[in-house]
Amino acid sequence: MVKFSKQFEGQLVPEWKEAFVDYWQLKKDLKNIHLLNTCNTKPANNRKPDSFSNTLLTSLKKFLFGIQQRKDETIQVHRKLASSASKGDMYETELLEQFAESDAAKEFFTCLDSQLNKVNQFYKTKEKEFFDRGECLKKQMEILIEVKTTLKRQRDKGVASALDSKDGPSVSCTVSSEDSVYSVKDRTEQEQQLQDDDSDDLEKDIAEPFPDTPRSDDMAKSMRMKTEDGKLRTLSGRVFSCQGKNIKLNIPLTTPSQTFSAISYLVREDLLNQSSRKSGPEGSKLKINKAKLHHAEKMIKRAFIELYKGLSYLKTYRHLNMLAFIKILKKFDKVTGKQVLPIYLKVVESSYFNSSDKVIHLADEVEELFIQHFAEEDRRKAMKYLKPHQHKESHAVTFFIGLFSGCFVALLAGYAIMAHITGMYRHQPANTVYMETVYPVLSMFSLLFLHFFLYGCNIFMWRKMRINYSFIFELSPTKELGYRDVFLICTTSMATVVGVMFVHLSLLTKGYSYTQAQAIPGLMLMAFLLVLVCPFNIFYKSSRYRFISVIKNIILSPLYKVVMLDFFMADQLCSQVPMLRNLEYVACYYITGSYKTQNYGYCMRVKHYRDLAYAVSFLPYYWRAMQCARRWFDEGQTSHLVNLGKYVSAMLAAGAKVAYERERGAGYLCLVVILSSAATVYQLYWDYVKDWGLLQMNSRNPWLRNELMLRRKIIYYFSMGLNLILRLAWLQTVVHSNFEHVDYRVTGLFLAALEVIRRGQWNFYRLENEHLNNAGKFRAVKMVPLPFHEVDEED
């Protein structure tokens, strides 16, 4: 049976962690009471009688204030009315005669009262915030219904035939003011939310983006102009008059392609309406076509989902805190032998956070509105969006993991025996063709799926330590991969890869020429790529498309607002430079047709390919540096610039290493040592201090942080030492140590695997620090921007 403290820690909302009951501090206070009771217990006849003055004071209090206490009461909880509406009622516990002289009990109840007051205040604040958001969303729905009704009425009257067929039916509205004004902070916070669309819309957006829909985007800075007050304004927001109201329409852009299409749309609109702007003061006409209306509806839908999620979090907040109070009061009664639970629990039950029912009513109202307007009166369909459930883990997955693991081990053993007999991996001129053409394919897949396997191990550990990685990565609970799914993908893929390599090597040993068998590794690589982009709903389609979307965001990293999953994946690519180099070579080998002529040295001789090797070594660090620059631009924190410097130093070290591999000169060797040493020191500092949150001088855990997930501190010290050793793997470039007659490419694969292992270790501690300290400042509930805003005529 899992302890309540573990359940409590695993279910609480990470961002609201400080607002929950400090259950662990209360347990410490209880432990102090228990120690005092066991160490300082005295016989009843040895207790000193109360002094005459204390007895007289107690009698006067009872007489003057009319305090009538029952004999079984040990405490009284007083409720102080709030001095203002913003502050909730405060509670203060008075200890009666049994606990009057116990300092430990006073500390416990003082802490308990402060926790109750904190919970009430936070709950009231969040309740008001969600209630105001709900009222705003109701107005948004009213405006949306009015505009849709007007659009439908115009279409029924035949207005659609006179409008542009490409844009579809639209509502013509008068522009009554200039573009809307946004501050940088508000705009960037809003842009982040629209990237977090539901999975169905995400897959649709990948295949069919809206070409003519103006939405506010990370590239919208190219469309903005400085105003006198220092704020920025965007061309995506216009104010129009419809149904007798002045309404401002703001549909933020989320992709660069949509930004360019928005620019062209606005330029075309300005050119077409230039004459009308000059003709009269009433202004130009703004068309709200069906695509714009669809995007506005999508934004409101997402806002309803986020509001409902926030209300669910608030319900969980109330439930967990109520359980925490009950559990800690039960423990207090057990330790002291008193009956405090019934007295204090009445106060907790009548307090604001437990007695208010506004959240429940608002959640029911949101459900009704969502079912009516976004689910076609289908409650089951609506609940798929509002209450997504995790998919159940199947025993078949576990069975196939074992099956393919056995196949992989058997095939790997057979392949290793055959390779040893034929001497393929020995450093001999006769084996050069195999090592230059086939081995890069095996090396590439080995590094890729080793990394994926370690990710599965990370998920297992995150779940075991109750690190809410799904919340931090903003993964859909219905589509996220569990560690069993990851292990299944790894075992299936590697069994396939090793099986194909075994067949290929068998054909070579039977006398088939390289020309006849060389297409097999290339066909296998093509098959994996086809599975990755397969449009059918098989082989974890949502995860594959999410992966493609994240890679796209990384490649265009300066143009997108950076979220946790994007820069986490970019960090993984920084550890996969050898895999990317192998992929580059294999692509060149098969695209140029060198596999037909066995001219494996062609790609190494071509100048463009050699120059591309520099780019491949730079790209992961460049993408990560651009993400740091973008985060600095959005958030304005200088720490992102310092982090950018880390990746610039890694780029310089990688470039020096590539140059040394080509020239093999003493000057390049010195350059590699200097740049790699500086980059290693830089990276170690950032690993320990920033990413892991360790090496804190004033921490209660020596050289660690204050809060730790693992009980054994020695694991952290061991991991720090192991990280140092693995960071120094680049020394192999200088030492050139070989294992007997093993080919240097095998040694390179071993060192690359060590870097992947180091990254897998880094992943656990990075998420642990994020879970404990919210270093990435993730939000429990996103504030989705709303499309419609009413504007006063004076404005």
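Residues numbered from 1 in each chain as written. Predicted model: local features only at pLDDT ≥ 70, side-chain atom pairs only at ≥ 80, totals over all residues. Heavy atoms only, no water.

### Focus: the overall build of the chain
Regarding its fold elements, the chain presents 31 helices and 10 strands. For the chain, the proportion of its 795 residues judged to be buried stands at 47%. Across the chain, every contact between residues at least 6 apart in sequence was considered, and the portion connecting residues at least 24 apart equals 74%. Element-wise, carbon and sulfur atoms account for 60% of the exposed surface of the chain, whose accessible area totals about 40800 Å². (Helix = DSSP H or I, 4+ residues; strand = E, 2+ residues; numbered from the N terminus. Buried < 20%, exposed > 50% of the residue type's maximum accessible area, 1.4 Å probe, protein only. Contact = heavy atoms within 4.5 Å. Areas by Shrake-Rupley, 256 points an atom, 1.4 Å probe, with all protein chains shown as cover.)

### Some words on the pattern of salt bridges
The full count for this structure, using the stated rule, is 21 salt bridges. Residue glutamate 306 pairs with arginine 302 through a salt bridge whose shortest N-O separation is 3.0 Å. Of the two residues, glutamate 306 and arginine 302 both sit in helix α9 (residues 290-336), 4 residues apart, roughly one turn of that helix. Like arginine 302, glutamate 306 is buried. Arginine 766 is the partner of aspartate 691 in a salt bridge, and the nearest nitrogen-oxygen pair spans 3.6 Å. (Salt bridge = Lys/Arg side-chain N within 4 Å of Asp/Glu carboxyl O.)

### Things to note about the packing of aromatic side chains
A complete count under the given rule lists 43 aromatic pairs for this structure. Taking the centre distance of 6.2 Å and the plane angle of 90° together, the rings of tryptophan 16 and tyrosine 317 count as edge-to-face. Here tryptophan 16 is found in the loop between α1 (4-11) and α2 (23-39), whereas its partner tyrosine 317 is found in helix α9, with 301 residues between them in sequence. A relative accessible area of 0% places tyrosine 317 in the buried class. (Phe/Tyr/Trp six-rings, centres within 6.5 Å; stacked < 30°, edge-to-face > 60°.)

### Here we look at the packing of helix α16 (residues 439-464) against helix α18 (residues 483-509)
Following both chains from N to C, one finds α16 and α18 inclined at 160°, their axes separated by 9 Å at the closest point. The angle between the axes of α16 and α18 places the two elements in the roughly antiparallel class. Note that α16 runs across α18; the crossing there is left-handed. Of α18, the residues touching α16 (which contributes Leu442, Phe445, Ser446, Phe449, Phe452, Phe453, Tyr455, Gly456, Cys457, Ile459, Phe460 and Arg463) are Tyr483, Val486, Phe487, Ile489, Cys490, Ser493, Met494, Val497 and Met501. Residues belonging to the contact of α16 with α18 are distributed by class as follows: 17 nonpolar, 3 polar and 1 charged. (Axes fitted to C-alpha atoms, helices over the stretch in contact; angles between N-to-C directions. Parallel < 35°, antiparallel > 145°, perpendicular 65-115°, else oblique. Left-handed = near helix turned anticlockwise from the far one by under 90°. Nonpolar A, V, L, I, M, F, W, Y, C, P; charged D, E, K, R; others polar.)

### Regarding the UniProt feature "transmembrane region" (unreviewed entry) in the chain
When the UniProt feature table is mapped to this numbering, "transmembrane region" (unreviewed entry) covers residues 396-418, 438-462, 483-507, 519-540, 666-685 and 714-735. Between the end C-alpha atoms of residues 666-685 the distance is 29 Å, and the span holds 100% helix and 0% strand. (UniProt positions renumbered as here; feature names shortened; annotations may be inferred.)

### Side note on the pairing of strand β2 (residues 90-95)
By the alternation rule, side chains of β2 split into Tyr91, Thr93 and Leu95, which are all buried, and Met90, Glu92 and Glu94, of which none is buried. Sheet analysis places strand β1 (residues 75-80) next to β2, joined by 6 bridges and oriented antiparallel. Its bridge partner being in β2, isoleucine 75 is matched across the sheet by leucine 95. (Pairing = 2+ DSSP bridges.)

### Here's the deal with the environment of lysine 338
Along the polypeptide, lysine 338 turns up in the loop between α9 and α10 (341-350). On the basis of relative accessible area, lysine 338 is assigned to the partly exposed category, the value being 28%. Residues lysine 338 and threonine 74, 264 residues apart in the sequence, show an inter-C-alpha distance of 7.5 Å.

### Side note on the environment of lysine 315
Along the chain, lysine 315 falls in helix α9. Counting along the chain gives 48 residues from lysine 315 to alanine 363, while the straight-line C-alpha distance between them is 9.9 Å. Excluding residues within four positions of it along the chain, lysine 315 makes contact with Val359, Ile360 and Ala363.

### Quick word on the state of the cysteines
What the rule picks out here adds up to 1 disulfide. At a sulfur-sulfur separation of 2.0 Å, the disulfide partner of cysteine 588 is cysteine 603. Disulfide cysteine 588 to cysteine 603: torsion about the S-S bond roughly -100°, handedness left-handed. Here cysteine 603 lies in helix α25 (residues 602-605) and cysteine 588 lies in helix α23 (residues 577-591), a separation of 15 residues in the sequence. The thiol of cysteine 457 is not disulfide-bonded; the next cysteine sulfur, from cysteine 490, is found 8.6 Å away. (Disulfide = S-S within 2.5 Å.)

### Focus on the side chain of glutamate 755
Relative to the elements of secondary structure, glutamate 755 occurs in helix α31 (residues 744-773). Exposure remark for glutamate 755: the relative accessible area of 18% places this residue in the buried category. When near neighbours in sequence (up to four residues on either side) are disregarded, glutamate 755 contacts Ser575 and Leu726.

### Overview of the confidence of the model for the chain
When the pLDDT values of the chain are averaged, the result is 78; 74% of them are 70 or greater. Segment residues 278-286 is flagged for pLDDT under 50; beyond a separation of four residues in sequence, or across chains, it makes 22 contacts in the model. (pLDDT = per-residue confidence, 0-100.)

### Examining the side chain of asparagine 723
The topology assignment puts asparagine 723 in helix α29 (residues 714-727). Within the structure, the side chain of asparagine 723 is placed 3.3 Å from the side chain of aspartate 687, a separation counted as a polar contact. Non-local contacts of asparagine 723, meaning those with residues more than four positions away in its chain, are made with Leu684, Asp687, Tyr688, Trp692, Arg758 and Gln761. (Polar contact = N/O pair within 3.5 Å; in protein donor to acceptor, adjacent residues only side chain to side chain.)

### Thoughts on the packing of α9 against helix α12 (residues 358-374)
It is the contact of α9 with α12, at a shortest axis distance of 10 Å, that shows an interaxial angle of 150°. Looking at the two axes, α9 sits roughly antiparallel to α12. The way α9 lies across α12 gives a crossing that is left-handed. Facing Glu297, Ile300, Lys301, Phe304, Ile305, Leu307, Tyr308, Leu311, Leu314, Lys315 and Arg318 of α9, the residues of α12 in contact are Val359, Ile360, Leu362, Ala363, Val366, Glu367, Leu369, Phe370, His373 and Phe374. When the residues that make up the contact of α9 with α12 are grouped by side-chain class, the tally is 15 nonpolar, 1 polar and 5 charged.

### Concerning α16
Under the 1.5 Å per step criterion, the end-to-end length of α16 is 37 Å for 26 residues, consistent within 8% with the ideal 38 Å. Two residues or fewer past α16, arginine 466 is found with a positive phi of approximately 55°. (Expected span 1.5 Å × (residues − 1).)

### Things to note about the nonpolar core
If you look at the biggest cluster of nonpolar residues, it comprises 78 residues, and the most contacted ones within it are Trp16, Phe108, Phe109, Leu112, Phe304, Tyr317 and Tyr344. Elements with a contribution of two residues or more to this core: α1, α2, β2, α4 (103-156), α9, α10, α12 and α13 (379-386). With 19 residues, α9 is the single largest residue contributor to this core. With residues near it in sequence (within four places) discarded, tyrosine 344 still touches Ile75, Val77, Thr93, Phe109, Leu112, Asp113, Leu116 and Leu329. Counting residues in each nonpolar core, the second largest holds 41 residues, with Ile459, Tyr469, Phe473 and Tyr765 among its members. (Core = buried A, V, L, I, M, F, W, Y, C linked by side-chain atoms within 4.5 Å.)

### Some remarks on the environment of proline 558
Considering the arrangement of structural elements, one finds proline 558 in the loop between α21 (541-555) and α22 (564-574). A sequence separation of 75 residues divides proline 558 from phenylalanine 633, and the C-alpha atoms of the two residues are 9.9 Å apart.

### Things to note about unusual backbone geometry
Even without being a glycine, tyrosine 540 presents a positive backbone phi close to 55°. Secondary-structure assignment places tyrosine 540 in the loop between α20 (519-532) and α21. The backbone of tryptophan 703 sits at a positive phi, close to 65°, despite the residue not being glycine. Following the sequence through the fold, tryptophan 703 ends up in the loop between α28 (666-691) and α29.

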